[in-house]
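This is what each chain is made of:
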Amino acid sequence: MAPDEAVVGCTGKLVIATRGAEGPGEVLVRVRGGSEAFLAWSDEPMERGSTVLVIESRGTRQVVVMAWSDPSLDDERTDGSGDTGDAR
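None of the values given here were measured: they were computed from a predicted structure.

Below, the discussion takes up the side chain of Thr18. Looking at the element boundaries, Thr18 is found in strand E2 (residues 18–19). Engagement of the side chain of Thr18 in a polar contact is seen with the backbone nitrogen of Met46, the distance being 2.9 Å.

Shown next, in the form of structure tokens:
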């Protein structure tokens, strides 16, 4: 099956942990207006519940993922009040 390019660059959550070279996990990816399940491969083991970024499609509903932290949700950039700390 041909790679699914629509999924590359999308984010998702691991519902089954990956095991690095030992085997894949499973990820729910937000794509095409919904969520779809894919086998998820990663270089290093990753825990269930981790947010990931799809960096490659292997076709046949298999993807390669890496850990991802959404910069717009980064708690270190704000103090919780919605103020980014820029006092211009």
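As a further point, take the nonpolar core. Core analysis: the biggest nonpolar cluster contains 13 residues, and Val27, Val29, Val63 and Val65 have the highest contact counts within it. Tallying contributions element by element places strand E3 (residues 25–31) first for this core, with 3 residues. Apart from the residues within four sequence positions on either side, Val65 is in contact with Ala40, Trp41, Ser42, Met46, Val52, Leu53, Val54 and Ile55.

Attention shifts here to a nonpolar patch on the surface. A contiguous nonpolar surface patch, about 220 Å² in accessible area, is contributed by Val15, Ile16 and Leu28. Considering the arrangement of structural elements, one finds Ile16 in strand E1 (residues 11–16).

Before going further, it helps to examine the sheet that holds E3. Reading around the circumference, E1-E3-E4-E7-E6 is the order of the 5 strands in this closed barrel, with mixed pairing throughout. Strand-to-strand twist across the sheet, computed as the mean angle between neighbouring axes with direction ignored, equals 55 degrees. In this sheet, strand E4 (residues 34–41) lies alongside E3 in antiparallel orientation, the contact comprising 7 bridges. Residue pairing across strands places Glu26 opposite Leu39, the latter belonging to E4.

On to the side chain of Ser57. Positionally, Ser57 belongs in strand E6 (residues 51–59). On the basis of relative accessibility, which here comes to 10%, the residue Ser57 falls in the buried class. Polar contacts involving the side chain of Ser57 include one to the main-chain amide nitrogen of Asp4, which spans 2.8 Å. One polar contact links the side chain of Ser57 to the main-chain amide nitrogen of Gly59, over a distance of 3.3 Å.

A few words on the packing of aromatic side chains. Evaluation of the coordinates by the stated rule reveals 0 aromatic pairs. Here Arg61 stacks its cationic end above the ring of Phe38, 4.4 Å away from the centre of that ring.

Summed over the entire model, instances satisfying the criterion amount to 3 salt bridges. Notably, a salt bridge pairs Asp4 with Arg32, separated by 2.7 Å at the nearest N-O pair. You can see Asp4 sitting in the segment before E1 and its partner Arg32 sitting in the loop between E3 and E4, a full 28 residues away along the chain. Beyond isolated ion pairs, a larger network of salt bridges with shared partners links Asp4, Arg32, Glu36 and Arg61.

Parameters and conventions
- Residues numbered from 1 in each chain as written.
- Predicted model: local features only at pLDDT ≥ 70, side-chain atom pairs only at ≥ 80, totals over all residues.
- Heavy atoms only, no water.
- Helix = DSSP H or I, 4+ residues; strand = E, 2+ residues; numbered from the N terminus.
- Polar contact = N/O pair within 3.5 Å; in protein donor to acceptor, adjacent residues only side chain to side chain.
- Core = buried A, V, L, I, M, F, W, Y, C linked by side-chain atoms within 4.5 Å.
- Buried < 20%, exposed > 50% of the residue type's maximum accessible area, 1.4 Å probe, protein only.
- Contact = heavy atoms within 4.5 Å.
- Patch = residues over 30% accessible without salt bridge, like charges linked within 9 Å, V, L, I, M, F, W, Y side chains within 5 Å.
- Areas by Shrake-Rupley, 256 points an atom, 1.4 Å probe, with all protein chains shown as cover.
- Salt bridge = Lys/Arg side-chain N within 4 Å of Asp/Glu carboxyl O.
- Pairing = 2+ DSSP bridges.
- Axes fitted to C-alpha atoms, helices over the stretch in contact; angles between N-to-C directions.
- Phe/Tyr/Trp six-rings, centres within 6.5 Å; stacked < 30°, edge-to-face > 60°.
- Lys NZ or Arg CZ within 6 Å of the ring centre and 35° of its normal.

Any functional reading would require information beyond the geometric quantities listed.
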